[in-house]
Each structure stands twice: as structure tokens, then as C-alpha cells.
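The chain contents come next:
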Amino acid sequence: MVAFRILGAFEVVGADGPVNLGAPRQRSVLGRLLVARGRVVPTARMIDDLWGDHPPGSAVASVHSYISNLRRVLESGRATGVPPRVLVTVSPGYAIRSEDVDAWRFEDMVRRGAAFLGAGDTRAALREFDMALGIWRGPAYAEFTTSDWALPEITRLDELHAMAVEHRANAAIALDSPGAVVADLRAHLAEHPLREEGWRLLAIALYNQGRQGDALVALRQARHTLVEELGIDPSPRLQQLEADILSQSSAIARPAAANESSERVTSSTAWFPPEKAGEAKGAAGPETGDQIFGRERELGLLSGMSRGIALISGEAGIGKSALVKAAMAGYSRLGWQVAVGRCPETGGAPAGWAWVEILRLLTAQVAPADRVAAQIRRLLADPDAPRSAHGDADLTSERFRLRRDLAVYFADAARVSPLLLVLDDLHRADEETLATLVDLASELRNTEVLIVGTFREEEADGLAETLAALARHEPVRIVLNGLDQDAAGSLLAAVSGTTVTPGTLAAVTGRTGGNPFFLRETARLIAAEGEDAALSTVPPGVRDVLRRRFARLPASMRGVLSEAAVIGRDFDIDVLIDLNGNGEEPVVEAVETALAAGLLAEPEGGGLRFTHALTRDALYDDMSRMRQIRTHGRVAASLERLRPRGVSALVHHFVAGGEPSAAARHCVLAAERAEQRFAYREAASFWGQAIELTDEKDPELLVGRVRALALCNKLDEARKLRKRAIQLALPHADHELTARVVGALDVPTAYRTEGGGEDSPEVVRVIEETLSQLPEGDRAARCSLLTSLAFELVGFEGDEAMRGAKAADEALAMARRLKDPEALAGALNARHLYTFRGDGDGAADRLRIGTELLRLAQAHGMVIVEILAHLILARQALECLDHPRAEHHTIRMEQLSAQHRLNGPGSLTTCRRAVWPAITVEHRTTGRLYRATARAHLLQDERWSEPISYHLPTGTER
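Residues numbered from 1 in each chain as written. Predicted model: local features only at pLDDT ≥ 70, side-chain atom pairs only at ≥ 80, totals over all residues. Heavy atoms only, no water.

**Observations regarding the overall build of the chain**
Thinking step 1. Along the backbone of the chain there are 45 helices and 14 strands.
Thinking step 2. Long-range pairs, those at least 24 residues apart, make up 66% of the contacts in the chain with a sequence separation of at least 6.
Thinking step 3. A total of about 43,200 Å² of accessible surface is found on the chain, and carbon and sulfur atoms cover 51% of it. (Helix = DSSP H or I, 4+ residues; strand = E, 2+ residues; numbered from the N terminus. Contact = heavy atoms within 4.5 Å. Areas by Shrake-Rupley, 256 points an atom, 1.4 Å probe, with all protein chains shown as cover.)

**Observations concerning the packing of aromatic side chains**
Thinking step 1. Taken as a whole and assessed by the stated rule, the structure comprises 9 aromatic pairs.
Thinking step 2. With 5.3 Å between their ring centres and 70° between their planes, Phe10 and Phe144 make a pair best called edge-to-face. Here the residue Phe10 occupies a position in the loop between strand S1 (3-5) and strand S2 (11-14), and Phe144 occupies one in the loop between helix H5 (122-134) and helix H6 (151-174), the gap between them amounting to 134 residues.
Thinking step 3. Classification of Phe10 by relative accessible area gives buried; the value is 7%. (Phe/Tyr/Trp six-rings, centres within 6.5 Å; stacked < 30°, edge-to-face > 60°. Buried < 20%, exposed > 50% of the residue type's maximum accessible area, 1.4 Å probe, protein only.)

**Digging into the sheet that holds strand S5 (residues 87-90)**
Thinking step 1. With antiparallel pairing, the 3 strands of this open sheet are ordered in space as S4-S6-S5. Only two strands of the sheet have a single partner each, and these edge strands are strand S4 (41-42) and S5. (Pairing = 2+ DSSP bridges.)

**Comments concerning the layout of surface pockets**
Thinking step 1. Empty space within the second largest pocket amounts to approximately 1,100 Å³.
Thinking step 2. Every residue lining the second largest pocket is counted, 37 residues in all, and those nearest its centre are Arg707, Gly743, Asp746, Glu822 and Ala823.
Thinking step 3. Elements supplying a minimum of two residues to the lining of the second largest pocket: helix H32 (660-676), helix H33 (680-693), helix H34 (699-711), helix H36 (735-742), helix H38 (780-793), helix H40 (821-833) and helix H42 (863-879).
Thinking step 4. Among the residues making up the lining of the second largest pocket, the classes are represented as 21 nonpolar, 8 polar and 8 charged. (1 Å grid on protein atoms, 1.4 Å probe; cavity = no way out; pocket = protein on both sides within 12 Å on 5 of 7 lines; lining within 4 Å. Points joined across faces, edges and corners; volume = space filled by probe spheres on them. Nonpolar A, V, L, I, M, F, W, Y, C, P; charged D, E, K, R; others polar.)

**Regarding helix H30 (residues 625-642)**
Thinking step 1. For H30, spanning 18 residues, the distance from its first C-alpha to its last is 26 Å, which sits close to the expected 26 Å at 1.5 Å a residue.
Thinking step 2. The inward-facing, buried residues of H30 contact helix H26 (555-567), helix H27 (573-580), helix H29 (613-621) and helix H31 (647-656). (Expected span 1.5 Å × (residues − 1).)

**Some words on the pairing of strand S7 (residues 308-313)**
Thinking step 1. Of all the 6 residues making up S7, 5 are buried; the element is thus mostly covered by neighbouring parts of the structure.
Thinking step 2. By the bridge criterion, 6 bridges tie S7 to strand S10 (residues 449-455) in an arrangement that is parallel. Residue pairing across strands places Gly308 opposite Leu450, the latter belonging to S10.
Thinking step 3. With 4 bridges connecting them, S7 and strand S11 (residues 476-479) associate as parallel partners. Residue pairing across strands places Ala310 opposite Val476, the latter belonging to S11.

**What to know about the sheet that holds S10**
Thinking step 1. An order of S8-S9-S10-S7-S11 is seen for the 5 strands of this open sheet, with the pairing classed as parallel. Each edge of the sheet is formed by a strand with only one pairing partner; in this case those strands are strand S8 (337-342) and S11. Geometrically, the sheet is characterised by an average inter-axis angle of 15° between neighbouring strands, direction not taken into account.
Thinking step 2. Sitting on the sheet, helix H14 (residues 296-303) is in contact with S7, S10 and S11, with an inclination near 160° to S11. (Axes fitted to C-alpha atoms, helices over the stretch in contact; angles between N-to-C directions.)

**Considering the packing of H38 against H40**
Thinking step 1. Running from N to C, H38 and H40 point in directions that differ by 25°, and their axes come no closer than 9 Å. Compared by their axis directions, H38 and H40 come out roughly parallel. In terms of crossing hand, the pair formed by H38 and H40 is left-handed. Listed contacts from H40 to Cys783, Thr787, Ala790 and Phe791 of H38 are Ala823, Gly826, Ala827, Asn829, Ala830 and Leu833. (Parallel < 35°, antiparallel > 145°, perpendicular 65-115°, else oblique. Left-handed = near helix turned anticlockwise from the far one by under 90°.)

**Examining a nonpolar patch on the surface**
Thinking step 1. A contiguous nonpolar surface patch, about 250 Å² in accessible area, is contributed by Leu194, Leu230 and Ile232.
Thinking step 2. Checked against the element boundaries, Leu230 lands in helix H9 (residues 212-230). (Patch = residues over 30% accessible without salt bridge, like charges linked within 9 Å, V, L, I, M, F, W, Y side chains within 5 Å. Salt bridge = Lys/Arg side-chain N within 4 Å of Asp/Glu carboxyl O.)

**Some words on the side chain of His889**
Thinking step 1. With respect to the element layout, His889 can be found in helix H43 (residues 883-899).
Thinking step 2. Discounting residues that sit within four places of it in the chain, His889 has contacts with His870, Leu873 and Ala874.

**Overview of the environment of Ala172**
Thinking step 1. On the secondary structure map, Ala172 appears in helix H6.
Thinking step 2. Here Ala172 falls in the buried class, since its relative accessible area comes to 2%.
Thinking step 3. When the C-alpha positions of Ala172 and Thr122 are compared, they lie 7.8 Å apart, and in sequence the two are 50 residues distant.
Thinking step 4. Excluding anything up to four places from it in sequence, Ala172 contacts Leu126, Ser177, Pro178 and Val181.

**What about the nonpolar core?**
Thinking step 1. In terms of nonpolar packing, the biggest core is built from 128 residues, with Phe571, Leu576 and Leu853 touching the most fellow members.
Thinking step 2. In terms of residue count, H42 provides more of this core than any other element does, 9 residues in total.
Thinking step 3. Among all residues touching Leu853, those that are not within four sequence positions of it are Ala825, Leu828, Val865, Leu868, Ala869 and Ile872.
Thinking step 4. Grouped together as the second largest cluster of nonpolar side chains are 77 residues, Val2, Ile47, Tyr94 and Ile204 included. (Core = buried A, V, L, I, M, F, W, Y, C linked by side-chain atoms within 4.5 Å.)

Spelled out as C-alpha cells, the structure:
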């Protein structure tokens, strides 16, 4: 992995040393991406920044070339076909994905130092500031100081550097080391002479060295600079400091309160250690002011307590610290004393460290009484504290006395004003911390002391005994779950600065499980890259948190979870066992561990589910591309054995596993099954997927989709697709294939569009040419083509109409000779359409054709044809004013539709019933039924629409 050096000379260092970044403009491309701090830089924006208002015509190609060259040197060992991981393509541009950028690390260190300073841990703060300033090799982006795109970031980092110098000075002075910062502050003020905070700290440092005169000289120099440069007097704060120095006030023995000086960096996290600052900000950080989202009930419950124990649990990032922070602010406003102790994540801290942190904060406000002062000083590791009179002979009794004295001190402090004591991250607590908590819960139960503990439920195995011991004190238990959609939307809007669309809000809430930390990181992603990124990308901060959780699991269990991630967010354990191949026991053990860790859940409907989609995505994204592909293939094989009808999942995994032909095969099977259920719209969709998977090269697949589209009344789309299928079929010179393609549109229908479609002349030409090339005699292909010709010429006039009628007669005669039921049904349907031409006794012909179709359909189980037959006969009965017979066929249509769950025919039965009132001049009933018919036509999917007009025996059209 390469390291990016922005502070000072701009360079990139790889495993073999500095990387050659090429010409200036190519270096500018990389610089521009780094300025974005991981966010996407659109190509258009890149061109504007590099060339201004007059980019060359080759600008896009040049950018692509620079990106390609940079990728080659940044990831020189990347194999062909492996996607880049450092300089990545993210629509609509590019972004840097790296954890080793010195400017980014510098910023993180400064913010951590400010958080430590705000929490009163000046030693930790000084350490962070020293590390931050140690990697500052010079001005940021010095190579690009003339580039407009770099100036805002240069200014921002320079300001952060100046703040870091001042914060470090603040911490050093607080630790009685003023001499270590005087020279640094003088150099700092030489570069930034207008920074009053620098002058203030310099004066305090000099004064604490016993250099009162030099301190006054520094303040007068500050006054002179401000008056000369800006024409203004120093701030009241500097003026007061000058007065204090002149009067040798004790107020300047130390610098101003640490959290006051660090407020500009982390004003909302002053009570929290650095690793918890992010969680606090999720609900009440700079992005969202002091507001928390969706926790009104929990906050009310916590804020209503005046003593006792409250235990707040939930997964990482759920907002435990944010809730406590909001409660702390409320108690502070009421005059309570508030102190927080953190249970450290890493080893090495003394036993009971959380209580030591609480004591350090509290003893600065309330001094311990003489009777317990010695013990309190010992707890604080004061080297001057007297040793115990009992020595180390009886550690058990000594611990008891320490805890008793601690209870006495807290009770004394509570008499001054009530106490709120917060133990953060109890799941990390050592035995001494927990034992002290249990003892204090008992000793302080009748005092105005409220103890609040937070812990992660999934890491609380070591708390079982403590929670059981605390149970007798009836603690208030607050279990935090994910935010609901409304609260999630408010948080997203506050952090991202934009209101996301309802669809994105629902998807993001589902992906994050309403976890505030996940939501906040996603909101930042939305602000940087747009809503689409929130639906497909795991934010870097979320990924880091999840990786830490995964790392706690054994490698074998992580492997099982990775396999589960490939299956999807929801999965069944039998499929996972089959996929894993190592037997049931290791899979069940991994699943149970993941359930206990909160990574998986068991939905009410059965199966297993990743608690957050982001958890699943993070596991999946951490797999190599090759492993993803191979695992998808194995998943497909498992599903084919265990879930052969789960077509959507099979198709997904076969495609992701690099086997599109297998995916297409399953789509075809699914389409055929859908047609058997008369689910033609679903069938059309599956045929469409199969076509996409085979690049539209198989005309047989197009035939299937054309027929399904026709059956669900999407005739225009079906015609266009049939035209494409004909073009694919003709080069094969396969007459039977051509017949199937042309006849795909010939589904049972009560009418045909007048004049055919726009492509009818071309289709007719293809049919007649194919017929001329077929051998004479009865053949299925000839019969099919004659039927198609008849259908295609319906509605034409003159010679075309005569050709169509003749073709229908020939097809009908041939179908009878072939004894093919489906061919006969199609020919009868086509012949029926020519009975309205006016020559002969059309009504008698329709009765004869309808009756024959009905018998044929019933004999061979053709449901759609049977409904068509009843439709023809009902219509013919109305023409003859035979209402009872028409009602009989209408009822049979309704019964068949209900039996086979068909929607379309329902509108026709309503339409049929509207005709008789029209004939008998019952206009109100007619209008109601026609309106119902129109509504049904708008809703239906199936191929049953027809013109609402009827030919009565007199020739009058109603």
C-alpha cells in the first residue's frame, strides 16, 4: 500500500520508495483527488479545475490517461482484471481510497487531542498534539498554492495547524511545562501575528516561568500589532489578562479551562473520550447542534431519575453516549455535579480506572473530608499519599475499606449538590470496577447519587454476575434500538444538509437498522457522493467499526459469515451448511456466536438475517473479487439442489458466479411455470431476463417473451419485439422457426386491431415468402403461417381481406386434417374474426365457431380458449337478443376466471352485462356498468380488451 505525503513536499511513497507521479498536470490530478478527502470528484469538475474556462477537446481523454498512468504507479503489483483499490472509479468520477494520507492523519490526531483536552486528560492531549505536529513537514499542498481548487484546503489545514500549536501549548502549560512552549509560540506568532489566542498563551507561559515583565511586553506587542494592522484594541480577554498580570492575580497560575480552549474543535464532546466522541456527535454533534433524534422517551425516563442505578445498553453506535450526554447537560443545568469514567479498551490501565477518572473530575470540585482524604489520594495514585497502616497483608479487607471510603466521599459530595456518575463502556470493565459498582449501589441507595452505566449488549458476557447483583436494586433498564424512519430522516437531513427522497430514506433506514452512527456516516456519504452511493457503498467509518467487531470472531467463524454474506442479507441455515461443506456443527456454532454478538437475528418468519445490511455488505466487500465469484457459483449449486424454484436467487448467483447461460436456463423454466399459472406478466419478465443474459441472440427466447407480452395485452411492445425476432430468425433459413416467430403474436383474442400494425406489410411478405418455400402438403409450419397470415390481414379491405379470409379457411381445413388441437383453436379464432365482414350469416357462423371452440377447449383443458369461446357465444347471444343464454356464458366466464385467478375477463363480464340495459333503454344502469368496465380495463393485465360496440341483428350499432 502506498503512503501519500501532502504536508511539505508532495510525494507518494510505495514499498520500493518514492513513486514517480509524472508531469505537473498528472500530479495535479492526484492532488485534486486528495483535496477531496475521499469524496468523489466528478470528471467534469476535474476538467474545470485543471483547465479553467477553456479546456481542450481532448480533456476527457487526457484525464482518463492521467488516471490510468497514476493507477499503474500507485498499484504496480495489481494483476490484470483486478479492480483498483486506491484510485477508484465512482460515478460520475474518481476518488482516493486510502488510510495513509498524512494530512488526514494529522487532522484525526488534532481532533483526538482536542477531545482529550476537553475531557481534562491533558497528558493524552499533549501526546496527540506532539504526534500531529511531528508529521507536519511544511505547508500543505505547497506545490499547488497557485491552483484555485487547492486554496480552501490549504487554508483549512493551516488553520488546523495553528490551532494544534495553541492547543499543545495549552496542554503543556497545564502540566507545568511552560518553558517547553515559549519558543514554539514565538515562531507561531511570527507566522500568525494576529492570533490573539497565541499571544494569550505566550503571556501565560512567560508569567508561569516567573517572567512577568516579558509577559507584559508580549501583551503590549500584541496590542501594537492589532492597532497597527487592523486598527482595533485587543479583546477583553487579553485586556483582563494584562490587568491580572499587573495585579499578580492567582487566576493566571494556570491557563483557561481546557474544554474552553478546545471548544472550536470539539465543543459537543467535552465529557467524552476520543473514541466515544464520534458516537456522541451522532446525536448531538456539530452537524446536529444539541438535538438528539428519536430518543425522547428514553431521555425522559433517564432525566426523571433522582437516585439509583440506570443501565443503558445497545450495539455500538446506537447512541448510548449521546443519550447520556443529553441527560448530563440537563442535570448540569439543574445544579448537579456530573463526572464520567471510561472503562479503557486496551489493557495496562490500573484496576478500577473508571472510578479514578470520576474521582479526578469530582475532587477538583469537592475536596474529600479529612477522614477519607488519604484513601482517596491513594486511589488517585498520589505518590505523597500515606501508605495503608495494614500494609499488603490483607488485600481483601483493604479493598473493602477503600470502597467504603469511596462511598463516604460520594455521599459527602452529594450533600453539597446531587451527583450523576457515569460509567461508560461497562462491557470493558475490570473486576475491581464492577465490584466497586455493586458495593456503591448498595451503600449509596439512600443518597442523591444517580449512577448510569452504558454497555454493549453483544459484548456483555462478562457482566452476567454484576447485572444479577444489581438486579436487587431494581435498576432502570434502557435498551436502545434503531431509530424509526422519521427520526432517521431528521438525522440524515441534519447531517447531510439535504432531504433525501422517501425511497432512499426507507432503503437507508433498512440498511443501517436505524443505527445513528451508521446513519450519520451514510449522511456524510450522501453529502459527498449523492443518494445512489448510500444504497451501495459502506461508509469508511462504518466499515472500520464493523471490521473491529469481525476481528473478535475466530477466523473459521468469519469464513462462515462471509459465505452467508454471499447468499444475501436473508438466508437459511440449511443452505449455509450445504455451501460450507464442513458439516453442521461448525456452521451452527458460528451462527450462534454471531447471534450472540448481534451480527445476526432470527426474524419471526424464520431463517436468519444480518442485523444490518451494512454488516452483510462489509463482509462481502472485504472478500476478493475472485472469491466472491467462486462463492456465488457454489451458492447457485446449493440453491439448485435445495431451492430449485427460487429462480430470482438462482439467477442472481449464477450471473454473479460468471454463469449467465445457467441463469438464462432457470429464467426460461420460471417463465414456463408462470405461464402455467396464467401469470403472463411475470412470465414476460422472466423471458426478458433470459434475453438479457444471452445478449438477445436466441430468437426462441424472443418468441417466449412476445407471446407472454401479447397475453398480458402489451401488443405494441410485443410487435416491436417480434420484428426483432423475425430479423434474427430469417438468416437461419429455418421455416419452422420462422413460423414460430411469426405466430408468437397469435394468442386467443376477441378482436384484432383494424389494419394490423405498422409492420404488417413486412410480416405478410415474410409469411408469403416462407409459404412459397415450404414443400406442398399438410405441415404444422404451413398451418401456423396460414393462421398468422389470417390474423395479420384482419381489418384490411379489398384483396387483402379476401386473402386473409382464404388463409383462415385453408388453415382451418389443414388443422382438422392434422388433428392438432392447438392449431385448430388458432385457426377457429382467426376464422371467427372474419365473420363480421357482412357477407353470409355472420351470427350463425359465430355460433358454430364458438360452439366448436368450447368443445375443443373443454376436451383438451385449454382454459384461455374456453373463456374465449364463452365470450364469443355470449356476444352472439346478445346479437340475437337472447339474454338468458348470454347470461349463462357470462357466468361461466366469471367462474373460470375465479377458478384460475384471471383478472382480465372480469371487465368483459361487466361490459357484457351493460349491453342488455342499453338494448332495453335502461340508461342509468348502462352508464354505471360501462364506467365499471372502464375502471376494470385500466387495472387489468391480461389480453382481454375489446371495443365496446355490438352488432345487433338489424345492423344497428349500439
